[in-house]
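A closer look at the structure
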Amino acid sequence: MRAALLAGLTATTLVLSTGPALATPYEWHETPTGLKGFISYAMDPGGTSLWTVGALDDGRNFTPAATVWDGKAWKATPQPVTLGRFLDIDAVGPGDAWAVGSQQTPDDPTFQSKLLAQHWNGKAWQVIASPTFHDGNSREFTSVAALGKQVWALGYDSGSESQAATAFVYRYDGKRWTALNDGVIGNSGYPYDLEVLSANNLWVADFNGIKHYDGTRWTLAKLPGQDANLHLTDVEANSPKDIWAVGHREDPEFRRRPVAFHFDGRNWTQVATPAEGAELNTLNLVNGQPVAVGETRAFGPYILKLTKSGFERQADPAGAAGLWGSTVLAGKLWVSGAGDGSGSSDSYVGFTRAN
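Summarised in this report is the structure supplied together with it. Residue positions are counted from 1 within each chain, in the order its sequence is given. Totals for whole chains, interfaces and linings use all residues, but because this is a predicted model, local features are given only for residues with pLDDT of at least 70 and pairs of side-chain atoms are given and counted only at 80 or more. Only heavy atoms go into the side-chain values, all of them from the structure, while hydrogens and water stay out.

Examining the nonpolar core
Note the following rule: Nonpolar cores were defined as sets of buried Ala, Val, Leu, Ile, Met, Phe, Trp, Tyr and Cys residues, with membership established by side-chain atoms within 4.5 Å. When a residue's accessible area, from a 1.4 Å probe over protein chains only, is under 20% of the maximum for its type it is buried; when over 50% it is exposed; and in between it is partly exposed. Starting at the N terminus, helices and strands are each numbered in turn, a helix being any DSSP run of H or I of at least four residues and a strand any DSSP run of E of at least two. In this analysis, two residues are considered to be in contact whenever any of their non-hydrogen atoms come within 4.5 Å of each other.
Within the largest apolar cluster, 15 residues are counted, with the highest numbers of intra-cluster contacts made by Trp-203, Ile-210, Leu-223, Leu-232, Ile-243, Phe-261 and Trp-268. Looking at this core, the elements that each hand over two or more residues are strand E16 (201-206), strand E19 (230-239), strand E20 (242-251) and strand E21 (255-263). Top contributing element to this core by residue count: E19, with four residues. Here Leu-223 is in contact with Gly-209, Ile-210, Leu-230, Leu-232, Phe-261 and Trp-268, once residues within four sequence places are set aside. Ranked by size, the runner-up nonpolar core spans 14 residues in total, among them Ala-42, Val-53, Ala-66 and Ala-91.

Spelled out as structure tokens, the structure:
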């Protein structure tokens, strides 16, 4: 049982020997979206298509934005919601994608955010009715994962003066949302990412660790050196016995220091990362090998890939600042985030060959 496995996790640190190192990326290629004020939070491929989602910032409000790459240029898709933002997308195929985040009601003086889930059918985005609440708290979906005919969404409740913020996970079967929640998943600093291997095997990267759902209950994984200073932002799986997670640790010398962990089906172990001021936001597996992106202490781009000696720093894409999204499509590593102000766009989206 998963609970027994988690109880036996060890607190060790190692460098994994995982075969040949990834080939060095030889050149970055920027692909401007042409969207003014675009903030790209996430990317995902669906078949041969590629999406990046986020928001358009006009200086006063956010408008949800989703744009798709046609192989030559980015094309924005019309949105049915006027105020809000997307934080994640899971593209199953060219005509099947899910995007989640939050929305606001125009002229709402409380600025209360409500859950937002939308589905792309190949022609248009449709708003999917989300769970509703009437307690005055703000809520937002932060991650989405589709598997078969079901969709899972991770999010958080901002809490109130008398309540702390809490995390939650819902499963959507095409008709209704079902809560998969308890005190373990609810106890959250900020839930960032959801990885679904099966209906009975879910992983969440949270600001207070990594959590696992076995179809019945949530358990908190025992990570090496886990404490209140450890924050995880992304979890990706090659298989149930090959899972990676990244994030950062609050550090008195560097402010934030990048961290990476690996799960072999039994134990979580820490993998060596550079001792420098940076944080990792997302992780991708290129031919089974992890590549992580994030931002430096000075809000510059930050990219690490695994070698035989641990994670090593890679060349920055020119024109980029902090990176928040990444994905892999057709042998190319795509990244997205903020622009550094040197180009014509507020954002940066680009790729490099990463085979």
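Additional details are given in the paragraphs that follow.
Description of the pairing of strand E28 (residues 332-339)
Stated precisely, the cut-off is as follows: Here a strand pair is declared whenever DSSP counts at least two bridges between the two strands.
For E28, a buried count of seven out of eight residues is recorded, marking the element as mostly surrounded by other parts of the structure. Pairing of strand E27 (residues 320-329) with E28, which is carried by seven bridges, proceeds in the antiparallel orientation. Each bridged residue has a counterpart across the sheet, and for Gly-325 the counterpart in E28 is Ser-336. Linking E27 to E28, which pair antiparallel, is a turn of two residues; within it Ala-330 sits at a positive phi near 50°. Judged from the seven bridges that link them, E28 and strand E29 (residues 347-353) form a sheet pairing that is antiparallel. Paired with Ser-336 across the bridge in E29 is Val-349.

Examining the pairing of E20
Burial of E20 is extensive: eight of the ten residues sit out of reach of the surface. In this sheet, E20 lies alongside E19 in antiparallel orientation, the contact comprising eight bridges. Along E20, the bridge assignment pairs Ala-237 with Ile-243. Between E19 and the antiparallel strand that follows it, E20, lie two residues. With nine bridges connecting them, E20 and E21 associate as antiparallel partners. Looking across to E21, one finds that Arg-249 is bridged to Arg-257. Counted along the chain from E20 to the antiparallel partner E21, the turn is three residues long.

Side note on the sheet that holds strand E25 (residues 301-307)
Here is the rule we go by: The angle between two axes is taken between their N-to-C directions and runs from 0 to 180 degrees, where each axis is a line fitted to C-alpha atoms and a helix contributes only its stretch in contact.
A sheet is described by the order of its strands in space; here four strands give the open sequence E23-E24-E25-E26, paired in antiparallel fashion. Edge positions in the open sheet fall to strand E23 (278-286) and strand E26 (310-313), since each of these has one partner strand only. The sheet shows a mean angle of 30° between the axes of neighbouring strands, taken without regard to direction. Here strand E24 (residues 289-296) pairs with E25 via five bridges, running antiparallel. Bridge pairing in E25 links Val-293 to Ile-303.

Examining the sheet that holds strand E15 (residues 191-198)
The sheet built from four strands is open, its strands ordered E15-E16-E17-E18 with antiparallel pairing. Because the sheet does not close on itself, it has two edges, and the strands there are E15 and strand E18 (218-220). The sheet shows a mean angle of 20° between the axes of neighbouring strands, taken without regard to direction. By the bridge criterion, three bridges tie strand E17 (residues 209-213) to E18 in an arrangement that is antiparallel. Bridge assignment links His-212 to a residue of E18, and that residue is Thr-219.

Considerations on the packing of aromatic side chains
Definition in use: Side-chain rings of Phe, Tyr and Trp (the six-membered ring for Trp) are treated as a pair once their centres are within 6.5 Å; stacked means planes under 30 degrees apart, edge-to-face means over 60, and tilted covers the remaining angles.
Within the structure shown, the criterion is met by 23 aromatic pairs. Plain terms: the ring middles of Phe-299 and Trp-324 are 6.0 Å apart, the flat faces sit at 35° to each other, and that makes the pair tilted. Here Phe-299 is found in the loop between E24 and E25, whereas its partner Trp-324 is found in strand E27, with 25 residues between them in sequence. Taken together, the ring pairs connect Trp-98, Phe-141, Phe-168, Tyr-170, Tyr-172 and Trp-177 into an aromatic cluster.

So, the environment of Asp-206
Quick note on the threshold: In the analysis that follows, any N or O atom pair within 3.5 Å is treated as a polar contact, provided that within protein one partner can donate a hydrogen and the other can accept it, and provided that, for residues neighboring in sequence, both atoms belong to side chains.
With respect to the helices and strands, the residue Asp-206 is situated in strand E16. Remark: the alpha-carbon pair of Asp-206 and Leu-194, spanning twelve residues in sequence, is separated by 9.1 Å. When near neighbours in sequence (up to four residues on either side) are disregarded, Asp-206 contacts Asn-187, Ser-188, Gly-189, Tyr-190, Pro-191, Lys-211, His-231 and Leu-232. A distance of 3.3 Å separates a polar atom in the side chain of Asp-206 from the backbone nitrogen of Tyr-190.

Thoughts on unusual backbone geometry
Glycine aside, the phi torsion of most residues is negative, and most peptide linkages are trans. Backbone geometry at Arg-255 places phi at a positive 75°, although glycine is not the residue there. The residue Arg-255 is located in strand E21 in this model. Accessibility expressed as a relative area gives 43% for Arg-255, which makes it partly exposed. Unlike most non-glycine residues, Ala-330 shows phi in positive territory, near 50°. Considering the arrangement of structural elements, one finds Ala-330 in the loop between E27 and E28.

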